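# Fold and contact review
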Amino acid sequence: MSMAAKRNEARAEHIEANLRALRERVDTACEKAGRSGGDVTIIAVTKTYPASDVRVLAELGICDIGENRDQEAALKAAECRDLDLRWHFVGQLQTNKARSVARYADVVHSVDRARLARALGARVRAEERELTCLVQVNLDPGSAAGVLGPRGGVDPRDAVALADAIAAEEELSVGGVMAVAPRGEEPAGAFERLYAVASEVRDRYPQATVISAGMSGDLEAAVEHGATHLRVGTALLGNRGTNVG
Ligand SMILES: *Cc1c(COP(=O)(O)O)cnc(C)c1O
């Protein structure tokens, strides 16, 4: 076997072991919460990692792939066009990137303003595609209303109005909510607040069942508070280092 082939095999084994450990964590958290493991979808956040890792994940049965930067995501989606994947855009999104994202994304988790919903609607329409959008909720009570928190998202009180703006675009569907736990607070309390916002959105849009919450460091708390989709990078693929991601 060539050096390159050996390296690829070692990488695949490493990811497989990480996935096994991750699944155990998720199953344990589900058991504790009285939920079924099948209710929780793992999205592999592959930012900074190559398309070859996406292929490994797909072979292991992980077909939900998350990215947070358009340029990188567009390239990787093109490289993996032959695979049957769902691409999740999870990063802050400038309106002028809507056109590119509309070409490959299946779900945008980070819709945080009506203007972005309108831009995505127009671009998805032009591409003759469909797109599921999640309302990104700012769970940081320390950031003033109307001002973007450090990690983005709409004020919880405005979440339903933003869902209305998404629903007003024919090609967009309201899928649910997404959040990143704020720093400097136990994640459980934040995820509990997210659950309340998710319920409000779902009261109005019954199909909006997604709660995208929980990353490598806080997925247990997210599962406990109803997360349906976990966005996991580090625990699957390793540390990204300090300069990126
Ligand atoms: C990078 C990223 C993740 C994954 O974080 P890990 O801690 O590496 O699991 C999840 N959500 C968003 C929005 C991200 O940017």
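Check the entry above for the structure.
For every chain, the first residue of the written sequence is number 1, and numbering continues from 1 onward in sequence order. Side-chain atom pairs in this predicted model are given and counted only at pLDDT of 80 or more, local residue features only at pLDDT of at least 70, and totals for whole chains, interfaces and linings cover all residues. Heavy atoms throughout the structure, all of them, feed into the side-chain values; hydrogens and water do not.

### Regarding the overall build of the protein
- A run of DSSP states H or I qualifies as a helix once it reaches four residues; a run of E qualifies as a strand once it reaches two. Both are numbered from the N-terminal end. Scanning the protein for helices and strands turns up nine helices and eight strands.
- Throughout, radius of gyration means the C-alpha value; the globule benchmark is 2.2 Å times the number of residues raised to the power 0.38. Taken over the C-alpha trace, the protein has a radius of gyration of 18 Å; the compact-globule value for 245 residues is 18 Å, and the two agree within 12%.
- With respect to the three principal axes, the spread of C-alpha positions in the protein is 60 × 45 × 35 Å.
- Think of it in three bands: with a 1.4 Å probe and only protein chains considered, a residue is buried below 20% of the maximum accessible area for its type, exposed above 50%, and partly exposed in between. The buried share of the protein, reckoned over its 245 residues, is 50%.

### Focus: the environment of Val232
- As for its position among the elements, Val232 is in strand 8 (residues 229-232).
- For Val232 and Asp218, which are 14 residues apart along the polypeptide, the C-alpha to C-alpha distance reads 9.9 Å.

### Focus on the pattern of salt bridges
- Here a salt bridge means any side-chain nitrogen of Lys or Arg lying within 4 Å of a carboxyl oxygen belonging to Asp or Glu. Tallied over the entire structure, the rule returns 14 salt bridges.
- A salt bridge links Asp64 to Arg86; the nearest nitrogen and oxygen atoms lie 3.3 Å apart. On the criterion of sequence distance, the pair formed by Asp64 in strand 2 (residues 64-67) and Arg86 in strand 3 (residues 86-89) is long-range, its members being 22 residues apart.
- The exposure class of Asp64 is buried, given its relative accessible area of 14%.
- For Arg86, a relative accessible area of 41% gives the class partly exposed.
- Notably, a salt bridge pairs Glu72 with Lys76, separated by 2.7 Å at the nearest N-O pair. With Glu72 and Lys76 both in helix 3 (residues 70-79), this residue pair falls four residues apart, about one helical turn.
- Judged by its relative accessible area of 4%, Lys76 is buried.
- Among the charged side chains, a network of salt bridges with common partners joins Glu67, Glu72 and Lys76.

### Re the pairing of strand 6 (residues 172-178)
- Within strand 6, six of the seven residues are buried, which leaves it mostly tucked inside the rest of the structure.
- Read from strand 6 through helix 7 (residues 187-204) to strand 7 (residues 210-212), the crossover connection turns out right-handed. A right-handed crossover is one whose linking path, passing over the helix from the first strand to the second, runs clockwise when the strands point away from the viewer.

### Considering the site of the ligand
- Looking at the ligand, the residues that line it are Val45, Lys47, Val90, Met178, Met215, Ser216, Arg231, Val232, Gly233, Thr234 and Arg240.
- One of the backbone N or O atoms of Gly233 is found 2.8 Å from an oxygen atom in the ligand.
- In the environment of the ligand, an oxygen atom lies 2.7 Å from a nitrogen or oxygen atom belonging to the side chain of Arg240.
- When isolated, the ligand has an accessible area of 390 Å², and the protein chains bury 87% of it.
- Note that Gly is not counted as nonpolar here; it falls among the polar residues with everything else outside the nonpolar set of Ala, Val, Leu, Ile, Met, Phe, Trp, Tyr, Cys and Pro and the charged set of Asp, Glu, Lys and Arg. Grouping the constituent residues of the shell around the ligand by class yields five nonpolar, three polar and three charged. Summary of the distance rule: residues count as near a molecule or strand when at least one heavy atom falls within 4 Å of that molecule or strand. As used in this structure description, the phrase polar contact means that two N or O atoms lie within 3.5 Å; if the pair is within protein, one of them must be able to donate a hydrogen and the other to accept it, and residues adjacent in sequence are counted only when both atoms belong to side chains. For every accessible area listed, the method is Shrake-Rupley and the probe measures 1.4 Å; residues are considered covered only by the protein chains on display.

### Some remarks on the environment of Met178
- Examined against the element boundaries, Met178 turns out to sit in strand 6.
- Put simply, Met178 and Leu19 are 159 residues apart on the chain and 23 Å apart in space, counted from C-alpha to C-alpha.
- Excluding residues within four positions of it along the chain, Met178 makes contact with Val90, His109, Leu134, Val135, Gln136, Val137, Leu194, Ser212 and Arg231. When checking whether two residues touch, look at their non-hydrogen atoms; a contact exists if any pair is within 4.5 Å.

### Topic: the pairing of strand 1 (residues 41-45)
- Most of strand 1 is tucked away: four of the five residues are buried.
- When DSSP locates at least two bridges between a pair of strands, those strands are taken to pair. Note that strand 1 and strand 8 share four bridges and pair parallel. The residue of strand 8 that forms the bridge with Ala44 is Val232.
- The pairing of strand 1 with strand 2 spans two bridges and is classified as parallel. Within strand 2, the residue paired with Val45 across the bridge is Gly66.
- Running through helix 2 (residues 51-59), the crossover from strand 1 to the neighbouring parallel element strand 2 is right-handed.

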